[in-house]
Amino acid sequence: MKPFELNKDKLFKEFKTNKDGLTQDEVSKRLDEFGQNVIEGKKKKNYIKEYFIQYIQFFPILLEIAGILAFIANYYQPNQGNDILGYAIFGAVFINASFTFWQNFKADKAMEALLKLMPTIVKVKRDGKVEEIDANTLVPGDIIILEEGDKIAADAVLIEANEIYINTSSLDGESKPSKRELKSGGAKRSIDAKNMVYAGTSVVNGSGEAVVVATAMATEFGKIATLTGNIEKGLTPLEKEVINMTKILTVLALLAGVVFFFLGYFSGKGVLIAAIFALSLIVANVPEGLLPTITLSLSLASQRMAKKNALIKNLASVQTLGSVTTICTDKTGTLTKNEMTLQEIYLISGEKIFLSGSGYLTEGEFKIENENENSKNNLSNLLKAGWYNSRATIEEGKIVGDPTELALVAAAKKCKINFNFEKIKENPFSSDRKMMSTFGTMEDKEILFVKGAPEVIFAKVTHYQDKDGIKEFDENVKEKMLKELHNFENRAFRVLAIAINDKDDENNLTLLGLVAIMDIAREEVKEALGKCYTAGIRTIMITGDNPNTAAAIGKKIGLRFDGVMTGDEVAKLSDNELQKLLKEKTYIFARMASNQKLKIADALQKNGEVVAMTGDGVNDSPSLKKADIGIAMGSGTDVAKEASDMILLDDNFNSIVSAIEEGRTVYFNIKKFVTYILSSNIPEIVPYVMSFFFKIPNPLSVIQILSIDLGSDMLPGLALGSEKPEKNIMKRPPVGKDEKILDWEVFKRGYFFIGIIEASAAMFAFITFLLSHGWQYGQVNLNDPVFHAQAMTMTLLGAVTCQLANVWTLRSWDFNIWTLSWESNKAILFAMVAVFAWIWALLNVEAVQKVFNTAHVPLSDLWILIPFPILLLVSHETYKYLRLKKMKSLHFD
C-alpha cells in the first residue's frame, strides 16, 4: 500500500481517521502501537571511556611499555636519566591521546544535528478541534495543520493545499522551494510524491492539511537516520599504517632486546646487567617522537587545506585522500557554478542572439545574427516578459530567487532594461501546468506575460511577433520553432518559451521566442579533471539532473564516461551486477536517489576502490559516511557536514583535486619524516651497544637519547611534514591501500643507509675526540667527568649535525635538493635556527649542560663533525639520482 496513491476517502479509510481527526482514546492506543514520534539517536557515548580508549591503541601501548621499562631500568640503575625518559614518553602519550580525543569529539555530532531539525510543537485536529501538541505524540492518522513557517514533524499526505511550498533542502539539499499538490504526479516512491510533506522539512509558503502516514523512524527522515547510524566507518589507511608500524617496531625492539640480552649474558655480564641493557635497548628502539610528529603534521596539513577551501574534520582522513582512486561528484555547484545563465535566444522573427558573460552579476554583450531594424525592440520585449514574469530579484549585489528566473533577470539587466511594470495578479508555475503567467500594467496598458515549457506554450499560441508585425501562428511556423527547440535541447539547454497577451487570458497568446539557459561549467574543472586522469583517478558524476543535460555537461568539461545510467536502471541491478559494471566501465548516473548513491559507493569499495563522495542533503549522509572520504558542500545541510570527513567550503571540484594533491603530499611527507626519525635511532643504539661490548666509556646517556628524539629531531621532522607537493605528485598512481609507509625503502634508507652514516659519525666524533686528548683503548672509567661529558657531547653532536644534513636531503623523496627552492619551506629554516640554538645551549648554557650531561667543547675540536654531514648529503643525493634514473627507464615516472 502506497498512501500517496490514495484519494482522500481511501486515505481516511486506510488510516481509520476522518476530517475531524482522531479521538484521544484512539491516539493513546496508537501511541502504544507505534511508539512516540522520536528520531532515535545512537546510544550515547561514554566520553570518559572514549578518552581512555586512546591510551590502548597499538602505538600508545608500545610507548607506555617503553615508559614502564624505562622506570624499571631506572630502579636498577639510578641516575642514568631513565626516569626522565619515562616521564617524557608518558607525556607524549598524554598529549597525543588528548588531542586525538578532542578531534573525534568535535566530529561526533551527526545524530545531534538530525535531531535539531525536528519541531517540538505541532498543530493537529483531534476530536474536531485544532490544538497544539507535543510533536512526540503524533501518530499515524492524525490530521496536521500546516502554515507558513511551520516545521513538519511527520510524513503526511495532503488533503488540502493552498499554494503550499515546502523547503526540502534538509532532505535533498535543493534550495528551491518545492510546490505541493493534491496529486502524486505519477510518483513511484513516497520521496517523489508531490502530495506528500516530510518530517524535517518546513513550510515556506501557503497552507494545508495532511494525514500523517509515518512517524519516527518510519519517516523518510528516520530511514536516513537509521541508515546513517548503522554504517560503521572503517579504519583509514593511516590508522591501519600506524598499527602496522607499531607491530613492526615492537617486533624489532623486542627482537633486539632478546638478542642482546643473550649476547650480554653469554659474554659474562650477568643476568641483571644483561636484562637492564636489553630493556634500555628496547626503549632506545622506540621512536618516542613519531606519534606526536605524525599528529602535528596532519594538523598542519589540515590547516593548509583549509586555506584551499577544504576543511578536514578527521585528521587521519588527510592521508586517505592520497589513496583516492575514484571521485563520485555532484554536478550542480561542484562541476558547474550553480548559476543558471541565459546564453542564447531565438526570436521567432528569425534572429539568433548570443549573450556573453556568465553568472548573475557580470556584464555581457548581445551578438545578433540576421538582425533587422526591429530586432533590438523585439529582444527588449522578450527580456521584459521574462523579467516581469518572475519572482527573482538582483538588487545591489543581493540575489534572491529561483536560478532559472535569476538567469532571465540577469539577462534583462545586461540589456540595461528598467523595471516599469506593476503587477496585478500572478498565476504560479506548477508541475501540471508547466507554465507561469503574470498580469499587470506597463506604460498604462494591460499585459499578460507568460513563460513555460515550449510544448505547453505552443499549444496556447495563436499568433507570433514577426520582424514586421503580428502574424498568425501556423503549422509551418510551429515546425520551425520545434526545430530550434530540438537544437537547444540536444545541446542540453533548459529551454523556455516566452509569450504575451493584451488581456488576462492564458489562451490565444502571441509568441515572442525561445530562451536557452544553462548552468555553466566551472572554468577550472577541465584542468582539474585532466589532473585526475593523469594521477590515475577516475571521476563519476552522480546527479539528480536529466541524463541529456548531465551527458552534455560531461562532454563539455572533458569527463570520460562510457554511458549514462538513470536511477531506475541502477535500482534494477543487483549489487553484483553493478559491481561488475563499475569494474569494467565508467558511467554518468542521472536522476539518482540517495540510497542509490550508497549502492554505488558500496560497489566501488567492493572492487577495491578508495572512494571520495560528495553530497549536500540529509539524504546524502549515508553515502557520505560510507565513502572512504565523505565530502560535504559548504552550502549543504548541517547533517551532511557532520556525516562527512571533509567540508568543501567553496563547493568547487577543483578544491577536491587540490585536497587530494595535499593528501598525497602528506603521505610522502610522513614517509620522509618517518625515515628521518628512524635514521637517528641507529646513532642512539650503536654507541650504547659498543660501550656494552667494547672497553670504551659510555658514549651517550639515556637523557641525551631523549634530547635527540624529542628535542633536535622534532622541529625538523615537523618541517618535513610541511613540505610542498613534489613536481610529480599528481603524475603518480594513487597510493595503494596496501602500500606501507614503513616499507623496505624506508628501512633501507633510515636504518641501513643514513642511520649507518650517522652512527659512524657519532662514534668517529667520540673516539677521535678521546684519542686526540690522550685517551687509550681499554680505559673505561674516565677520572675527569667534564672530559667524559665533552666526549659524550661530541657523540651527540655527531648524530645531530648529520640530522641537519639529513633534513635537507629528505626534502624530496625522489628529486635532488638543487631542484627545490631553499625558500619554499621556511619551516626548515626556522627548524635549523632552533637546532643551532639548541646546539649552542648544549655547549654553553650551564643549566642545560647539567640536565643533559653535556659540556663546552673548544671550537678547534668541532672540525671532527664536518666530514660526515657532507658524506651523508652527497651519498643520499647520488642514491636518489640513480634510483630516479632507474625509475624513468622503467617508465614509472
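Residue positions are given per chain, counted from 1 along the sequence in the order it is written. Confidence filtering applies because this is a predicted model: local features only for residues at pLDDT of at least 70, side-chain atom pairs given and counted only at 80 or more, and all residues used for totals across whole chains, interfaces and linings. Values reported for side chains reflect all heavy atoms of the structure, with hydrogen atoms and water molecules removed beforehand.

### So, the packing of helix H29 (residues 785-809) against helix H32 (residues 867-889)
Where we set the bar: What counts as an axis is a line fitted to C-alpha atoms, over the stretch in contact for a helix, and the angles between N-to-C directions run from 0 to 180 degrees. Put simply, DSSP H or I for four residues or longer makes a helix, DSSP E for two residues or longer makes a strand, and each gets a number counted from the N terminus. To sort the angles, those under 35 degrees are grouped as roughly parallel, those over 145 as roughly antiparallel, those from 65 to 115 as roughly perpendicular, and the leftovers as oblique. Here a crossing is called left-handed whenever its near helix is offset anticlockwise from the far helix by less than a right angle, and right-handed whenever the offset is clockwise. Here, residues are in contact when the closest pair of their heavy atoms is within 4.5 Å. Lys, Arg, Asp and Glu make up the charged group, whereas Ala, Val, Leu, Ile, Met, Phe, Trp, Tyr, Cys and Pro make up the nonpolar group; the residues left over, Gly among them, are polar.
Where H29 contacts H32, the axes come no closer than 8 Å and their chain directions differ by 25°. Comparing their axes, H32 and H29 come out roughly parallel. In the packing of H29 onto H32, the handedness of the crossing is right-handed. The residues of H32 that touch H29, namely those facing Thr801, Cys802, Ala805, Asn806 and Thr809, are Phe868, Pro869, Leu872, Leu873, His876, Glu877 and Lys880. Residue classes in the contact of H29 with H32 are distributed as 6 nonpolar, 4 polar and 2 charged.

### Some words on the environment of Val456
Cut-off, in case you're wondering: Buried means the residue's accessible area, taken with a 1.4 Å probe over protein chains only, is under 20% of the maximum for its type, while exposed means over 50%, and partly exposed covers the values in between.
One can find Val456 in helix H15 (residues 454-460). On the basis of relative accessible area, Val456 is assigned to the buried category, the value being 18%. On a C-alpha basis, the gap between Val456 and Gly544 in space is 24 Å, while along the polypeptide they are 88 residues apart. Those residues in contact with Val456 that sit more than four places away from it in its chain are Arg433, Lys434 and Met435.

### Brief notes about unusual backbone geometry
One non-glycine residue with positive phi stands out, namely Glu163, at about 45°. Of note, Glu163 is situated in strand S4 (residues 155-167). One non-glycine residue with positive phi stands out, namely Asn508, at about 55°. In this fold, Asn508 is placed in the loop between strand S20 (494-501) and strand S21 (509-521). A relative accessible area of 42% means that Asn508 is categorised as partly exposed.

### Looking at a positive patch on the surface
Inclusion rule: Residues form patches when they are more than 30% accessible in relative terms and have no salt bridge. Like charges link within 9 Å. Nonpolar side chains (Val, Leu, Ile, Met, Phe, Trp, Tyr) link within 5 Å. Computed with the Shrake-Rupley method and a 1.4 Å probe, the accessible areas treat only the protein chains shown as cover for residues. Each reported salt bridge corresponds to a side-chain nitrogen of Lys or Arg within 4 Å of a carboxyl oxygen of Asp or Glu. His residues and chain termini do not enter the charge count, which takes Lys and Arg as positive and Asp and Glu as negative. Positions of charges follow a simple convention, taking NZ of Lys, CZ of Arg, CG of Asp or CD of Glu.
Taken together, the side chains of Lys240, Lys247, Lys737 and Lys740 define a basic patch exposed on the protein surface. With respect to the helices and strands, the residue Lys240 is situated in helix H9 (residues 237-266).

### Looking at the environment of Phe787
Mapped onto the fold, Phe787 is located in helix H29. In sequence terms Phe787 and Leu770 are 17 residues apart; their C-alpha atoms lie 8.6 Å from each other.

### Some thoughts on the pattern of salt bridges
Side-chain pairs of opposite charge can arise whenever the charged atoms involved come near each other. Per the counting criterion, the structure on display carries 34 salt bridges. The salt bridge partner of Arg491 is Glu344, with a shortest N-O separation of 2.8 Å. Of the two residues, Arg491 is situated in the loop between helix H16 (475-490) and S20 and Glu344 in strand S10 (residues 336-347); the sequence distance between them amounts to 147 residues. The salt bridge involving Arg391 is made with Glu426; its shortest N-O contact spans 2.8 Å. Placement of Arg391 in the loop between helix H13 (375-388) and strand S13 (393-395) and of Glu426 in strand S15 (residues 421-427) is noted, with a sequence separation of 35 residues between them. Where salt bridges share partners, they join Arg732, Glu745, Lys748, Arg749, Asp814 and Arg883 into one cluster.

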